[in-house]
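Survey of secondary and tertiary structure
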Amino acid sequence: MSLVAVSKTKPVAAIEELYALGHRDFGENYVQELLSKSEVLPKDIRWHFIGHLQSNKVKQIISFVHLIHGVDSEKLLEEIQKQALKAGCQVDVLLQMHIAKEETKYGLDEKELSQILTKIKNGAYPNVNIRGLMGMASFTENIIEVSNEFKELKMQFDYANKAIGHPNFDILSMGMSGDYQIAMEEGSNMVRIGSLLFGQRK
Ligand SMILES: *Cc1c(COP(=O)(O)O)cnc(C)c1O
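Everything quoted here is computed from the prediction, not taken from an experiment.

Re unusual backbone geometry
Even without being glycine, Thr9 reaches a positive phi, approximately 70°. Here Thr9 lies in the loop between strand S1 (2-6) and helix H1 (12-20).

Below is the structure:
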């Protein structure tokens, strides 16, 4: 189980406090904020990009980002491949699935997932390591609904894992402050926690 401390909107000092306790995995969702924080913070921090990543910003983070959680289109994956090749590096990513009822949340549907899996198997993204899936459940008090959505994501993960058939496809990023317990019951092995660690965001 790994814990990504989601430090978006929080000051550098808040990150330093957790860093001093030995924590190294931090999540941000704006490129500009990630760049300015990473510049002043220790280089051994593992930065997780958890937001919606615009293609034109990929090159700004490609050389140092630890894991990109929100790959939600083939176009973005192609851009990550292109920039990683240019930078001469390998990049770890998760494919983001749309599991929530809300239209507003980003992510792939199952058809798009299987199209991408086919391309991966055909070697389309040699500089990209597809490490697993990520998803966000609906924002609701309805526990049954949330657990059903996480169950669905876990099934998609098992399906993709089989399809890819390689041991490094092993990360299932699901669960935030409000629903991480349900996510863990449903098979999550990476939770992204912000407000519970750092306090409410404004
Ligand atoms: C903000 C954010 C989180 C953390 O949310 P909390 O409810 O504060 O724990 C997790 N994942 C993503 C994708 C986020 O944008």
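Next comes the rest of the account.
Let's talk about the nonpolar core
Ranked by internal contacts, the top residues of the largest apolar core, which has 52 residues, are Leu77, Ile80, Val91, Val93, Leu95, Ile130 and Leu133. With six residues, the single largest contributor to this core is helix H6 (residues 143-164). If near-sequence neighbours (up to four positions away) are discounted, Ile130 is found in contact with Leu77, Val93, Leu95, Ile120, Ile164, Asn168 and Phe169. Leu94, Met134, Ile171 and Met190 belong to the second-largest nonpolar core, a separate cluster that totals six residues.

Some details on the pattern of salt bridges
This model, assessed by the stated rule, comprises eleven salt bridges. Put simply, Arg46 and Asp25 hold a salt bridge, and the shortest N to O gap is 2.7 Å. Here Asp25 lies in strand S2 (residues 25-28) and Arg46 lies in strand S3 (residues 46-49), a separation of 21 residues in the sequence. On the basis of relative accessibility, which here comes to 35%, the residue Arg46 falls in the partly exposed class. On the basis of relative accessible area, Asp25 is assigned to the buried category, the value being 11%. Between Lys119 and Glu78 there is a salt bridge; the shortest N-O distance is 4.0 Å. Taken together, the residues Lys119 in helix H5 (residues 110-121) and Glu78 in helix H4 (residues 74-87) connect sequence positions 41 residues apart. Lys119 gets classed as partly exposed once you look at its relative accessible area, which sits at 33%. Relative accessible area serves as the criterion here: at 41%, Glu78 is assigned to the partly exposed category.

Topic: the pairing of S2
In S2, alternate side chains face the same way, and those of Asp25 and Gly27 on one face and Phe26 and Glu28 on the other are all buried. Strand direction decides the pairing type here: S1 and S2, joined by two bridges, are parallel. Pairing of Val6 across the sheet is with Gly27, part of S2. For the segment spanning S2, helix H2 (residues 31-40) and S3, crossover handedness is right-handed.

So, the environment of Phe150
Along the chain, the position of Phe150 falls in helix H6. Considered as a pair, Phe150 and Ser63 are 87 residues apart in the sequence and their alpha carbons are 31 Å apart. If we skip the residues at most four places from it in the chain, Phe150 touches Ile99, Ala137, Met174, Gly175, Asp179, Ile182, Ala183 and Glu186.

Description of H6
With 22 residues, H6 ought to run about 32 Å at 1.5 Å a step, and its terminal C-alpha atoms sit 31 Å apart, in line with that. Regarding H6, the residues found buried are Glu145, Val146, Ser147, Glu149, Phe150, Leu153, Gln156, Phe157, Ala160 and Ile164. A positive phi of about 55° marks Gly165, the residue just after H6.

Examining the layout of surface pockets
The computed volume of the largest pocket comes to approximately 870 Å³. What lines the largest pocket is a set of 31 residues, among which Lys8, Lys105, Met136, Met176 and Arg201 lie closest to the centre. Among the elements of the structure, strand S6 (128-136), H6 and strand S8 (190-193) are those that each provide at least two residues to the lining of the largest pocket. Tallied by class, residues from the lining of the largest pocket come to 13 nonpolar, twelve polar and six charged. Quantified by volume, the second largest pocket comes out at close to 190 Å³.

Rules behind the numbers
- Residues numbered from 1 in each chain as written.
- Predicted model: local features only at pLDDT ≥ 70, side-chain atom pairs only at ≥ 80, totals over all residues.
- Heavy atoms only, no water.
- Helix = DSSP H or I, 4+ residues; strand = E, 2+ residues; numbered from the N terminus.
- Core = buried A, V, L, I, M, F, W, Y, C linked by side-chain atoms within 4.5 Å.
- Buried < 20%, exposed > 50% of the residue type's maximum accessible area, 1.4 Å probe, protein only.
- Contact = heavy atoms within 4.5 Å.
- Salt bridge = Lys/Arg side-chain N within 4 Å of Asp/Glu carboxyl O.
- Pairing = 2+ DSSP bridges.
- Right-handed = clockwise from strand over helix to strand, strands pointing away.
- Expected span 1.5 Å × (residues − 1).
- 1 Å grid on protein atoms, 1.4 Å probe; cavity = no way out; pocket = protein on both sides within 12 Å on 5 of 7 lines; lining within 4 Å.
- Points joined across faces, edges and corners; volume = space filled by probe spheres on them.
- Nonpolar A, V, L, I, M, F, W, Y, C, P; charged D, E, K, R; others polar.

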